[in-house]
Amino acid sequence: MSRSTVETEPGGEPPPPGDDHAFFGQPRGLLTLSGLEVWERFSFLGMQAILVLYFADTVAHGGMGMSSGTAASVSAAYGTLVYLVSVAGGWLADRMLGSYRAVLWGGILIACGHYSMAVPTATMTWVGLGLISAGTGLLKPNVATMVGKLYRTDDDRRDAGFALYYMAINIGAFAGPLITGWLGDHRGWHWGFSAAAVGMTFGLIQYVMGRRHLAGRKRAAEFALAPDAMRRAVLLIVLGVLAAAVLATLLAVVGYLTMDRFVDLLTLISVIAPVVYFVVMFKSPRVTDAERGRLRPYIVLFLASTVFNFILFQAYSTMMLLAASNAETTILGYDFPASWYASALGAFEVALAPVVAALWVRMGHRQPHASNKIAIGVVLGGLSFLLMVLPTSGHSSDDYLMSAWWIVGSYFLLGLGDILLETSGMSATTKLAPAAFTSQTMSLWFLSLALANGIQAQTVKLYDDVSKPAYFGVNGAIAVAAGLAVMALAPWLRRTMHPVH
């Protein structure tokens, strides 16, 4: 049975009030959570914009000396790890920490990771990436779940609220690459990583200061383990982490755990994990028949998210490499670092998100079904890659330079698609989630991002081996076809996704 406006929310809390309109017509807690995401995305995507360039730069210039394909693959593998850990983050929030503390500790780990990457050694780079992966896995699924808790299930402001939340995300996505990119280009890569560390620190400060406005900020987890089970779980987690660290170190020392094998392992896990997770939820006795019925259409949304984000994440890998090698870095007579192209994506999403939010509010119940919004987003993502076939075709060598407006145009399509898909997808996830798996179902949405990165980690290896028109054309065509398939399933999705509309 779906939760109604008079039911108690998971964990025994009353439903959120419907008359809180303090923040642009949205609940006041949205300001706190959006502020946190501004700084988290500033740090994460600011670092992401220069990470692949840092990997591909020469050792003499302060980089890691990787080939372009390897740099893109390792960068994608890092993204895979980030979102795989989100499963543990959702479970820890539901069973041990509660959402508020999971987000707080996640932010602390992220900040520590960025400070580690500010130290100019390869070892501290890997340590930092590990800490950021763990912290983001705690923060991302749970902060999105906390946004969902600000609204009743039938609140028409919900999609608009997620659109504003996503606009805040992209303020950070816009500003981060500008600062880290300039520092990386003019002062050194680790100066850029330092700026990301400072940004995350600001985010933590405002999150703690605004905590009184958050729904579900109770200290206890909503579905907490019994005391004995809690102690056993803590012991197993500590021992498991230590054992995995020791095993990985030993395998690396003897030469078995190479970077390529680690990337392949993460891809394999990214494929297996969502399959296992869906099976667990379908078979769980805590999931009702009605909730199980809503999980079936969710599989389609999951796959659509995977296809779109496979394209989106390449804005920070292959597209960034293309911009650095084959795109002009001058617009209207002004020179800029190649990493600033990543800010164009954030800028478009900042500009378009309020327009989309206002449109959904104006349309109310007449707005397109969530599945159609997601399908259009996937098609736009595919078109963003198909557009790149034009400027990369017809060249006799690889030393050409395309106009900056080609990449800007591609990012415009990608940004609009991202707003449509991610806001509707996250909103639908919070409404389709089984009550006993609230945070963990949001983790399942992020597993689609892990799968997208896992697939990307393999396909980007071809970036150096095939022509650019073929690479972007084939990937773009697959995404367009996937979006059209979701549109074809729209009648079935509308029937089975109630109460999502």
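See above for the structure.
So, here's what we can say about the structure.

Cut-offs used in this document
Residues numbered from 1 in each chain as written. Predicted model: local features only at pLDDT ≥ 70, side-chain atom pairs only at ≥ 80, totals over all residues. Heavy atoms only, no water. Helix = DSSP H or I, 4+ residues; strand = E, 2+ residues; numbered from the N terminus. Buried < 20%, exposed > 50% of the residue type's maximum accessible area, 1.4 Å probe, protein only. Contact = heavy atoms within 4.5 Å. Areas by Shrake-Rupley, 256 points an atom, 1.4 Å probe, with all protein chains shown as cover. Salt bridge = Lys/Arg side-chain N within 4 Å of Asp/Glu carboxyl O. Phe/Tyr/Trp six-rings, centres within 6.5 Å; stacked < 30°, edge-to-face > 60°. Patch = residues over 30% accessible without salt bridge, like charges linked within 9 Å, V, L, I, M, F, W, Y side chains within 5 Å. Axes fitted to C-alpha atoms, helices over the stretch in contact; angles between N-to-C directions. Parallel < 35°, antiparallel > 145°, perpendicular 65-115°, else oblique. Left-handed = near helix turned anticlockwise from the far one by under 90°. Expected span 1.5 Å × (residues − 1). Core = buried A, V, L, I, M, F, W, Y, C linked by side-chain atoms within 4.5 Å. Nonpolar A, V, L, I, M, F, W, Y, C, P; charged D, E, K, R; others polar.

**A few points about the overall build of the protein chain**
A tally of helices and strands in the protein chain yields 17 helices and two strands. Put simply, the protein chain has 501 residues, and 56% of those count as buried. When contacts within the protein chain are restricted to residue pairs at least 6 apart in sequence, long-range pairs at least 24 apart make up 83% of them. Summed over all atoms, the accessible surface of the protein chain reaches about 19,600 Å², with 69% contributed by carbon and sulfur.

**Some thoughts on the pattern of salt bridges**
A complete count under the given rule lists four salt bridges for this structure. Here Glu 40 makes a salt bridge to Arg 41, at a shortest N to O gap of 2.6 Å. By the burial criterion, Glu 40 is buried, and Arg 41 matches it. Lys 461 is the salt-bridge partner of Asp 264, the closest N and O atoms lying 3.2 Å from each other.

**Considering the packing of aromatic side chains**
A full pass over the atoms with the stated rule returns 15 aromatic pairs. Plain terms: the ring middles of Trp 39 and Phe 42 are 5.4 Å apart, the flat faces sit at 65° to each other, and that makes the pair edge-to-face. Linking Trp 39 with Phe 42, this pair stays in helix H1 (residues 29–56), spanning three residues, or about one helical turn. Residue Trp 39 is classed as partly exposed on the basis of its relative accessible area, which comes to 28%. The buried category is assigned to Phe 42, whose relative accessible area is 9%. Here Phe 336 and Tyr 341 contribute two aromatic rings whose centre-to-centre distance is 5.2 Å and whose plane-to-plane angle is 75°, an arrangement assigned as edge-to-face. Taken as a pair, Phe 336 and Tyr 341 share a single burial class, namely buried.

**Structural notes on the side chain of Ser 133**
In this structure, Ser 133 sits in helix H4 (residues 122–148). The contact partners of Ser 133, leaving out residues within four places of it in the chain, are Tyr 78, Leu 81, Val 82 and Val 85.

**What about a nonpolar patch on the surface?**
On the surface, a nonpolar cluster with roughly 810 Å² of combined accessible area is contributed by Trp 126, Met 259, Phe 262, Leu 265, Leu 268, Ile 269, Val 271, Ile 272, Val 276 and Val 280. Among the elements that make up the nonpolar patch, the one with the highest residue count is helix H8 (residues 259–283) (nine residues). Examined against the element boundaries, Val 271 turns out to sit in helix H8. The partly exposed category is assigned to Val 271, whose relative accessible area is 41%.

**Side note on the environment of Ile 376**
Among the structural elements, Ile 376 can be located in helix H12 (residues 370–387). A relative accessible area of 37% places Ile 376 in the partly exposed class. Ile 376 sits 107 residues away from Gly 483 along the chain, and the two C-alpha atoms are 6.4 Å apart. In contact with Ile 376, not counting residues within four places along its chain, are Leu 420 and Met 487.

**Topic: the packing of helix H3 (residues 99–117) against H4**
Here H3 crosses H4 at 155°, and the two axes come no closer than 7 Å. It follows from the interaxial angle that H3 and H4 lie roughly antiparallel. For the crossing formed where H3 meets H4, the hand is left-handed.

**Here we look at helix H9 (residues 289–312)**
With 24 residues, H9 extends 35 Å from end C-alpha to end C-alpha; this agrees with the ideal 34 Å at 1.5 Å per step. Most of H9 sits out of view: 18 of its 24 residues are buried.

**Let's talk about helix H7 (residues 227–253)**
With 27 residues, H7 should cover 39 Å at 1.5 Å per step; its first-to-last C-alpha distance of 39 Å lies within 8% of that length. Two residues or fewer past H7, Gly 255 is found with a positive phi of approximately 90°.

**Notes on the nonpolar core**
Nonpolar side chains tend to gather and get buried jointly when the protein is soluble and globular. Core analysis: the biggest nonpolar cluster contains 131 residues, and Met 47, Tyr 165, Tyr 207, Tyr 341, Ile 407, Tyr 411 and Leu 447 have the highest contact counts within it. Apart from residues no more than four positions distant in its own chain, Tyr 341 is found in contact with Ala 323, Ala 327, Glu 328, Thr 329, Phe 336, Ala 404, Ile 407, Val 408 and Tyr 411. Among the nonpolar cores identified, the runner-up in size contains six residues, and Leu 92, Ala 102, Leu 138 and Ala 233 belong to it.

**Section: the environment of Met 47**
Structurally, the position occupied by Met 47 is in helix H1. Not counting the four nearest positions on each side in its chain, Met 47 is found in contact with Phe 42, Tyr 78, His 114, Met 117, Leu 129, Ile 132, Thr 180, Phe 193 and Ala 196.

**Here we look at the packing of H1 against H3**
Relative to each other, H1 and H3 sit at 35°, their axes nearing to 12 Å. Two packed elements cross with a definite hand, and for H1 against H3 that hand is left-handed. Of the residues in H3, those in contact with Leu 36, Glu 40, Ser 43, Phe 44, Met 47 and Leu 51 of H1 are Val 103, Ile 110, His 114 and Met 117. Of the residues assigned to the contact of H1 with H3, the class counts are seven nonpolar, two polar and one charged.

**Details of the environment of Val 74**
Among the structural elements, Val 74 can be located in helix H2 (residues 68–97). A residue is classified by how much of its surface remains accessible, and Val 74, at 5% relative accessible area, is buried. Spatially, the C-alpha atom of Val 74 lies 8.4 Å from that of Phe 55, the residues being 19 residues apart in sequence. Contact partners of Val 74, with chain neighbours within four places excluded, come to Phe 55, Met 66, Trp 126 and Met 259.

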